[in-house]
Amino acid sequence: MTETKGYAVQDSKSPFIPFSFERREPGDGDVEIEILYCGVCHSDIHQARDEWGGSIYPMIPGHEIVGKVKRIGHNVKRFKVGDLAGVGCFVDSCRTCSSCHDHLEQYCEKHMVGTYNSVEKDLKTPTYGGYSKLIVVDEKYTLRIPESLPLSHVAPLLCAGITTYSPLRYWKIGSGHDVAIMGLGGLGHMAVKFAVSMGAKVTVLSTSKQKESAAKALGAHHFICTKEENAFKENAEKFDFIINAVSAPHDTNAYLGLLKREGVMVVLGVPDKPTALNQASLIMKRRKIAGSLIGGIKETQEMLDYCEKHRITSDVEVISIDYIEKAYERMIKGDVNYRFVIDLSTL
Ligand code: NAP
Ligand code: ZN
């Protein structure tokens, strides 16, 4: 075992404090990664504060991890010492069920081992995330990171990137589609970049009027402030596809009214309370509502390669680890352009 350190919460109410713990020695198929940057996802806040229930403490969040390979096991083929490597939202899965066979490990039918707030396949060893110095992961669940992109801007691709790329690919979004992105945060701003790069006409639906020029700078063609009177009436039945990346409770039915006949809303955000669905908002126009969870390892690698080719990264604000409480506060207020990324050299 290797002694290392991170920042942990001890329960849902206490602030982050430095925390020492151990990582396993790299096994034959493992890579040991020195973590350089880790993005701060709103899911970290939901889980650190137990907003979804069932949180495991002490908790070291963080699932947007990039770093350098320090050691490798004997059988590792795809990485050598010194390579860049990335880790996303999960570090293992059963590898035998139909979802794992279909490269959709995020939907593993037995046990998807979360990068943190989860347990290993032995069902007892807790997992700890990327607000830390070191992580050991099977190379099969480790991503290759393009050398030519700025590393701190790449970290958020491991969750915010793949979570928005995957549904756009699954629903084959491209030119000729009117797409709206709800919530211009970490996920939302990546959704804008991807949808624009795929050729769609993109509108941002935001509660923050002041984000209009920033949304346009990201490539969005239109901007609607949903707080404005008549915003929902004036834009009824406009969109083929809506990505819902909102982190807080909201009136989903109002947004469904913005879909054309047979339009699709894909829900990505997981607010702490369930939403009330008015059946009529689906029935009247044969609309559809669906969900989507991150993406499999194969698709995450494809997304990273796509980002290298199209020069797409996240807009980030790099912070030191001791800024994490303040960063959470600011994210809840929507005050970040658009992802905080922790520089782990500050730990
Ligand atoms: P974030 O950076 O905090 O962004 C959330 C955005 O939601 C805010 O910037 C804000 O945008 C909007 N918003 C906040 N309160 C709102 C309200 N009351 N009504 C309407 N809009 C509101 O969060 P994130 O990291 O992008 O994560 C977004 C959600 O996705 C979280 O719930 C997270 O847990 C979830 N998530 C899901 C997956 C998945 O696999 N499905 C993966 C990662 C994260 P505006 O200021 O533009 O309104
Ligand atoms: Zn995330």
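See the structure above.
Attention here is on the structure that accompanies the text. Keep in mind it's a predicted model, so treat the numbers as computed, not measured.

## Let's talk about unusual backbone geometry
Turning to step 1, where the next piece is worked out: Cis geometry is found at the peptide bond from Tyr57 to Pro58, where omega equals -5 degrees.
Turning to step 2, where the next piece is worked out: Assignment of secondary structure puts Pro58 in the loop between helix H1 (42-48) and strand E4 (65-72).
Turning to step 3, where the next piece is worked out: Residue Tyr338 is bonded to the preceding Asn337 through a cis peptide linkage, with omega at -15 degrees.
Turning to step 4, where the next piece is worked out: By secondary structure assignment, the location of Tyr338 is in the loop between helix H11 (324-332) and strand E17 (339-343).
Turning to step 5, where the next piece is worked out: At Asp50, a position not held by glycine, the phi torsion is positive, near 55 degrees.
Turning to step 6, where the next piece is worked out: Of note in this structure, Glu262 is not a glycine but carries a positive phi near 65 degrees.
Turning to step 7, where the next piece is worked out: Position of Glu262 among the secondary structure elements: in strand E14 (residues 259-267).

## Here's the deal with the site of ligand 1
Turning to step 1, where the next piece is worked out: Near ligand 1 lie 30 residues; those nearest to it are His42, Ser206, Thr207, Ser208 and Lys211.
Turning to step 2, where the next piece is worked out: Between Leu184 and ligand 1, the recorded distance is 2.8 Å, taken from a backbone N or O atom to an oxygen atom.
Turning to step 3, where the next piece is worked out: Between ligand 1 and Ser292 there is a distance of 2.9 Å, counted from a nitrogen atom to a backbone nitrogen or oxygen.
Turning to step 4, where the next piece is worked out: Bound to the protein, ligand 1 loses 90% of the 920 Å² it would expose on its own.
Turning to step 5, where the next piece is worked out: Counting residues per element, the ones that place at least two in the shell around ligand 1 are H1 and helix H5 (186-197).

## What to know about the nonpolar core
Turning to step 1, where the next piece is worked out: One finds Tyr131 and Phe194 to be the most contacted residues of the largest nonpolar core, which totals 93 residues.
Turning to step 2, where the next piece is worked out: Each of domain 1 (2-159 + 295-346) and domain 2 (163-291) accounts for three or more of the residues forming this core.
Turning to step 3, where the next piece is worked out: Phe194 has contacts with Gly161, Thr164, Tyr165, Leu168, Met303, Tyr306, Cys307 and Ile312, leaving out every residue within four places of it along the chain.
Turning to step 4, where the next piece is worked out: Judged by nonpolar contacts, the second largest core, of 14 residues, contains Met182, Tyr255, Met265 and Leu282.

## Observations regarding helix H10 (residues 297-310)
Count 3.6 residues to each turn of an α-helix, and residues three or four apart come out pointing the same way.
Turning to step 1, where the next piece is worked out: An ideal rise of 1.5 Å per residue puts 20 Å on 14 residues; H10 measures up with 20 Å between its terminal C-alpha atoms.
Turning to step 2, where the next piece is worked out: Turning to H10, its buried residues number three or more, namely Ile297, Glu299, Thr300, Gln301, Met303, Leu304, Tyr306 and Cys307.
Turning to step 3, where the next piece is worked out: Looking at the packing, one finds that the buried side of H10 touches strand E6 (90-92), strand E9 (143-144), helix H3 (151-154), helix H4 (160-170) and H5.
Turning to step 4, where the next piece is worked out: Taken from the residues just after H10, Arg311 is the one with a positive phi, measuring 50 degrees.

## Quick look at the sheet that holds strand E11 (residues 201-206)
Turning to step 1, where the next piece is worked out: The strand order across the open sheet formed by six strands is E12-E11-E10-E13-E14-E15, and the pairing between neighbours is parallel. Looking at which strands have only one partner, the edges of the open sheet turn out to be strand E12 (222-225) and strand E15 (288-291). Here the average twist between neighbouring strands, direction ignored, is 20 degrees.
Turning to step 2, where the next piece is worked out: As judged from the four bridges shared by strand E10 (residues 178-182) and strand E13 (residues 239-244), these two strands associate in the parallel manner. Among the inter-strand pairings, Met182 is bridged to a residue of E13, identified as Asn244.
Turning to step 3, where the next piece is worked out: Sheet contacts for H4: E13 and E14; angle to E13, the most-contacted strand, approximately 155 degrees.

## Remarks on the packing of H4 against H10
Turning to step 1, where the next piece is worked out: For the pair H4 and H10, the least separation of the axes is 10 Å and the interaxial angle reads 95 degrees. Between H4 and H10, the crossing angle belongs to the class labelled roughly perpendicular. Contacts from Gly161, Ile162, Tyr165, Ser166 and Arg169 in H4 reach Glu299, Thr300, Glu302, Met303 and Tyr306 in H10.
Turning to step 2, where the next piece is worked out: Across the contact of H4 with H10, the residue classes break down as four nonpolar, three polar and three charged.

Conventions and cut-offs
Residues numbered from 1 in each chain as written. Chains lettered and ligands numbered in written order. Predicted model: local features only at pLDDT ≥ 70, side-chain atom pairs only at ≥ 80, totals over all residues. Heavy atoms only, no water. Helix = DSSP H or I, 4+ residues; strand = E, 2+ residues; numbered from the N terminus. Near = heavy atom within 4 Å. Polar contact = N/O pair within 3.5 Å; in protein donor to acceptor, adjacent residues only side chain to side chain. Areas by Shrake-Rupley, 256 points an atom, 1.4 Å probe, with all protein chains shown as cover. Core = buried A, V, L, I, M, F, W, Y, C linked by side-chain atoms within 4.5 Å. Buried < 20%, exposed > 50% of the residue type's maximum accessible area, 1.4 Å probe, protein only. Domains from an automatic or database assignment. Contact = heavy atoms within 4.5 Å. Expected span 1.5 Å × (residues − 1). Pairing = 2+ DSSP bridges. Axes fitted to C-alpha atoms, helices over the stretch in contact; angles between N-to-C directions. Parallel < 35°, antiparallel > 145°, perpendicular 65-115°, else oblique. Nonpolar A, V, L, I, M, F, W, Y, C, P; charged D, E, K, R; others polar.

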